[in-house]
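Residues per chain are reported as follows:
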Amino acid sequence: MSVVILDFGSQYTRLIARRIREAQAYSVILPGTAPLERIRAERPDAIVLSGGPRSVFEPGAPLADPRVFDAGLPILGICYGMGLLVQHFGGRVLDLDRRSFGADRLVRTDGPLFAGLGSEIPVWMSHSTAVAALPENWTSIAATPANPYAAVASPDGRMIGVQFHPEVIHTPDGLAMLRGFLRLAGVPLDWTPEQTLERLLADVRDRAGTDRVLLGLSGGVDSSTLALLLARAGVDHLAIFVDHGMLRLHERVNVEAALRPLGVRLATVDASAQFLAALAGVADPETKRKIIGREFIAVFRREADRHGPFRFLAQGTLYPDVIESAGGEGAANIKSHHNVGGLPADLGFELLEPLRTLFKDEVRQLAELLGLPDAIRLRHPFPGPGLAVRILGDVTAERLDLVRRADAIFLEVLEAHGAYHDAWQALAVLTPIRSVGVAGDDRRYGHVVALRAVTSVDAMTADWARLPYDVLDEAARRITREIPEVGRVVYDITSKPPATIEWE
Ligand code: XMP
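Here the structure is a predicted model, which is why all the values come from computation and not from measurement.

Peer 1: So what about the environment of Leu279? Which residues, and what values?
Peer 2: Tracing the backbone shows Leu279 in helix H8 (residues 272-279). In this structure the C-alpha to C-alpha distance between Leu279 and Thr396, which are 117 residues apart in sequence, comes to 8.3 Å. Aside from chain neighbours lying at most four places away, what touches Leu279 is Met246, Lys288, Ile291, Ile292 and Val395.

Laid out in structure tokens, this is it:
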């Protein structure tokens, strides 16, 4: 019971999936060229054909398995997907010679897609082809001033093509239209967080049975939620939390306090001495990351041996990490740095990835149902290599202590001003620079700490957060007062790109 979204390379495909889930239906993205058998395996109630950068009549343009159109399933084709529908059933799509891009309005509408909406509906267009002739017995169900075929329907009304993009926010009634399609397709709208949780619990129990499950816990929202899920499911599990000595202030205690009372069996390992020794004298960022990754795996392996045997290794992989790339090219794209310390698949366990169908905000909803405290559930991302990538140059115990305290003060000030959630991520960096200052009558030669706060949606791009001056002021005053070794505080006003969020 799902909606299968066939991806033809649109930049909006994930948004379609998000919107369908907002309409409380379960959706899965597959490559546009996926064979019908693969699609059937998802037991779909309906199919959505995404947009795409190509033209449907172009040689080599990705095409859907032709059997998809005769499978008796309701289909919604968006933009390129509309072109596929029209072309398959014998209509004609033509080149516009230019890209029609931007806001438009539907002036004439008809049918269940538009039920309850006004007579003029603002929509977002982005296309370079248009429908020139409908397939036999198809009808236009919406027009714009310039385009008589802004939305079209098959004779039985179960296949619909739309030229505009209902999935983007610039189409304010887009969600209502998608709901209209899901209703006419008879898709159950029951993908609520509660149902999702029940389903996941059942799946995890089913898969793990009475076998033992090992989990690498980073303390982030994904792995913490996964630990709670295993605990709630009653699965025989052990979560290993490696303290590599580069965690935020009180991190270990906070994670233990949040998870243990909820039934998570947790083994924390203090390996900070081992990590510090391995990092001694290393200033190169990539080398630091490699060393941390290597030590992490060594510690994890050792602990797994000590507490084993385990059949499964549970990982908090999320849906954006497993979506196959556009048009069927390329394999599943799993970013190693999303998994705790980049645990390699060859650890000899079977992988258990119960969250792999979920988006981040769905995980947060789940975490709430499972009782994860908001302090962990809603907090900023934190990199696996931890504070090591926020110390430019050598990582030493003293420098870790400095940056850890500066970070804690900055976050505390943000919280106190209610500004924590205005930033997507906020951090302090210990630069290798020293600068001159005065304290009383004395000249002081202190460290320079850089503060960085960014806004972002997905970390791919970011802008520096326009924090109020009084927040920055208080952070700078407190850091220099409470950490006398710091003589100067600066604020990073670079966007990503060209900079990255972290300094290393
Ligand atoms: P950058 O610095 O590349 O960071 O703009 C983007 C986001 O990813 C986080 N980050 C990491 N997370 N392991 C992680 O788990 C890593 O090695 C890593 N490096 C960067 C960073 O904190 C930001 O949120």
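There's more to say after this.
Peer 1: Before we move on, can you summarise the sheet that holds strand S14 (residues 312-314) with the specific residues and values?
Peer 2: The parallel open sheet is built from five strands, whose spatial order is S13-S12-S11-S14-S15. Edge positions in the open sheet fall to strand S13 (266-270) and strand S15 (350-352), since each of these has one partner strand only. Geometrically, the sheet is characterised by an average inter-axis angle of 30 degrees between neighbouring strands, direction not taken into account. Bridging between S14 and S15 involves three bridges; their strand directions are parallel. Within S15, the residue paired with Phe312 across the bridge is Glu350.

Peer 1: So what's going on with the packing of helix H5 (residues 193-208) against helix H6 (residues 221-233)? Which residues, and what values?
Peer 2: Packing of H5 against H6 brings their axes to within 9 Å, and their N-to-C directions diverge by 70 degrees. By the angle between their directions, the pair H5 and H6 is classed as roughly perpendicular. In contact with Leu197, Leu200, Leu201, Val204 and Arg205 of H5, H6 contributes Leu229, Leu230, Arg232 and Ala233. Classifying every residue of the contact of H5 with H6 gives seven nonpolar, no polar and two charged.

Peer 1: Could you give an account of helix H7 (residues 251-259), with specific residues and numbers?
Peer 2: The complete set of buried residues in H7 reads Glu251, Val255, Glu256, Ala258 and Leu259. Around the axis of H7, the buried residues are gathered within 165 degrees of arc, so they sit on the same side. Residues Val253 and Ala257 are exposed on H7 and point more than 90 degrees away from its buried face.

Peer 1: Mind laying out the domain arrangement of the chain, listing which residues take part and the relevant values?
Peer 2: Splitting the chain by domain gives domain 1 (2-185), domain 2 (193-377) and domain 3 (396-491). A separation of 48 Å is found between the C-alpha centroids of domain 1 and domain 3.

What counts as what
Residues numbered from 1 in each chain as written. Predicted model: local features only at pLDDT ≥ 70, side-chain atom pairs only at ≥ 80, totals over all residues. Heavy atoms only, no water. Helix = DSSP H or I, 4+ residues; strand = E, 2+ residues; numbered from the N terminus. Contact = heavy atoms within 4.5 Å. Pairing = 2+ DSSP bridges. Axes fitted to C-alpha atoms, helices over the stretch in contact; angles between N-to-C directions. Parallel < 35°, antiparallel > 145°, perpendicular 65-115°, else oblique. Nonpolar A, V, L, I, M, F, W, Y, C, P; charged D, E, K, R; others polar. Buried < 20%, exposed > 50% of the residue type's maximum accessible area, 1.4 Å probe, protein only. Arc of directions from axis to C-beta. Domains from an automatic or database assignment.

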